[in-house]
Amino acid sequence: MPETGSAVAHLCVLGRDYVAVIRIATGVPTLVVGVRAATVSTAPPVALAVLSLVTVWSVLYVRALRRGPGTTATLADALVLAALAASAPWSVPPEWLEQGRSWMLPFLSFACVGYQYYAGWRLGGAAAVLVLSGAIAGTAAALPARSSLDSLVTAGWSLIVASLGRMLWTLMLRGGRLADEAAAGAETARARQAAEARIRAAKRAHNRTLHDTAATTLLWVGTGAGKIPGGLLAAQARRDLDRLLSWEAGSTGEADLIRGLREAIGLAAVRVELRGPAALLLPQPIASALADAAHEALVNVTRHAEVGHCSVTVGGSGEGVRVVVADEGAGFDPGGIGTWRHGVRGSILERVEEVGGRAEIISLPGRGTTVSLEWRR
């Protein structure tokens, strides 16, 4: 019976555990009542021998259930219980059967239902038919002439009970399969969403790289190349080429934030005063994000602040780091930043937020601009 999926697999384990519990719960009182009945049966030695056989086998059967019984164990159990049922003429007192009582029929009925909770329908059905056929034959042989047929009806009814058990187990397995299908669909959807998120992140990184490199440099060339020193423009072009050739290459380990800031300052067309430690090691993605965001802030100072100098202040501790780029230039209204302003939104704010940091821009027209980049461990 091939089954797949965690819900179905868990159901199968629970089914075997349930059958083991039922065998123990019904076996103990059956043994007690069977021993009492053997003392007044027609052949006490036969009755006690059969009870001993069934008890020993039931212990072995319960152990097999814990490991997952195969066809051999199930058929062996059915044969043992069929032998128990066939011993009714010697194990069950005739007067009990006359009154419609039998100590073994409830035990056999529960066993046949149990087969349905772990075995395939062919094996479970065959085992139940074998056991209950023995019960019907043994009860019929043990019944005195012209006595009540209640015991036979009970044995026959047990077949219907086993069939209902099979129907119930089939419905439970169907529910488990539906649960597994739903879980698989949800996992597929999560994987698809994760893949789409990675694609979107790659597109954002690509657009950000283009903006921070070629787009900015070309804008300089188109709007003010004559005011930009040739050496600075060449250095910026070399940086652009390196970034475009390696933008997909991820890196790990640690990097020196101060070194990255010095490289950004070296490409600025204004005088920059750097305040902070001589070196500050951070995880490489964090250091790159802060340095690149600071570089974009310096580019904005060059293009929009209308000043010749600004400052970059770095403060670091065991809990995190803070980089502040400040100028006393023209300023602007941060609330008026449109979605088209990729430099502020994508290259500064989103870049820092994507590594778990926070970026804040404080500015007023005519009162300068302060860009604060913060990351905490």
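Our structure's up above, just so we're on the same page.
Sequence positions are assigned chain by chain, starting from 1 and proceeding in written order. The predicted origin of the model limits local features to residues at a pLDDT of at least 70 and limits the giving and counting of side-chain atom pairs to 80 or more, whereas totals for whole chains, interfaces and linings rest on all residues. The basis for every side-chain value is the complete set of non-hydrogen atoms in the structure, without hydrogens or water.

### Description of the packing of aromatic side chains
Applicable threshold: Here is the rule: rings of Phe, Tyr and Trp (six-membered ring for Trp) pair when centre to centre is within 6.5 Å. Planes less than 30 degrees apart are stacked, more than 60 are edge-to-face, and the remainder are tilted. Strands here mean DSSP runs of E at least two residues long; helices mean DSSP runs of H or I at least four residues long; both are numbered from the N terminus. Partly exposed describes any residue whose relative accessible area lies between the buried limit of under 20% and the exposed limit of over 50%, with all areas from a 1.4 Å probe on protein chains only and scaled to the type maximum.
Counted by the stated rule, this structure contains 3 aromatic pairs. Ring geometry for Tyr-18 against Tyr-117: centres 5.4 Å apart, planes inclined by 45°, an arrangement best described as tilted. Of this pair, Tyr-18 sits in helix H1 (residues 6-38) while Tyr-117 sits in the loop between helix H6 (105-115) and helix H7 (121-142); the two residues are 99 residues apart in sequence, bridging distant segments of the chain. By relative accessible area, which is 42% here, Tyr-18 ends up partly exposed. A relative accessible area of 10% means that Tyr-117 is categorised as buried.

### Here we look at the environment of Ala-289
Quick note on the threshold: Contacts are residue-level and defined by heavy atoms, with any inter-residue pair within 4.5 Å sufficient.
Here Ala-289 shows up in helix H11 (residues 284-305). Placed 63 residues apart in sequence, Ala-289 and Val-352 show a C-alpha to C-alpha distance of 5.9 Å. Leave out the neighbours within four places in its chain, and Ala-289 touches Arg-351 and Val-355.

### Observations concerning the pairing of strand S6 (residues 358-363)
Here is the rule: DSSP bridges decide pairing: two strands pair if at least two such bridges lie between them.
Judged by which residues are buried, S6 turns out to be one-sided: Ala-359, Ile-361 and Ser-363 face inward and are buried, whereas Arg-358, Glu-360 and Ile-362, on the alternate face, are not. Looking at chain direction, S6 and strand S7 (residues 369-376) are connected through 6 bridges and run antiparallel. Along S7, the bridge assignment pairs Ile-361 with Val-371. Where S6 folds back onto S7 in an antiparallel hairpin, the turn is made up of 5 residues, including Gly-366, whose phi is positive at roughly 85°.

### Looking at empty space enclosed by the protein
Once rolled over the atoms, a probe with the size of a water molecule shows which space is left empty. Keep this limit in mind: The definitions used throughout rest on a 1 Å grid laid over the protein atoms alone, on which a cavity is an enclosed set of points accommodating a 1.4 Å probe that cannot get out and a pocket is an open set flanked by protein within 12 Å on both sides along at least five of seven lines; lining residues are those having an atom within 4 Å of a point. Grid points are joined across faces, edges and corners, and a volume is the space filled by probe spheres set on the points.
Summed over the entire model, instances satisfying the criterion amount to 2 cavities of 30 Å³ or more. When its volume is computed, the largest cavity comes out at roughly 40 Å³. Lining the largest cavity, in full, are Val-19, Ile-22, Arg-23, Thr-26, Phe-107, Phe-110, Ala-111 and Gly-114. Breaking the lining of the largest cavity down by element, the ones donating at least two residues are H1 and H6.

### Some details on the pattern of salt bridges
Quick reminder of the rule: Any carboxyl oxygen of Asp or Glu within 4 Å of a side-chain nitrogen of Lys or Arg constitutes a salt bridge here.
One pass over the full model with this rule turns up 9 salt bridges. Across the pair Arg-376 and Glu-374 runs a salt bridge, and its minimum N-O distance is 3.4 Å. Each of Glu-319, Arg-358, Glu-360, Glu-374 and Arg-376 takes part in salt bridges that share partners, so that together they form one network.

Bear in mind that shape data such as this cannot, by itself, settle questions of function.
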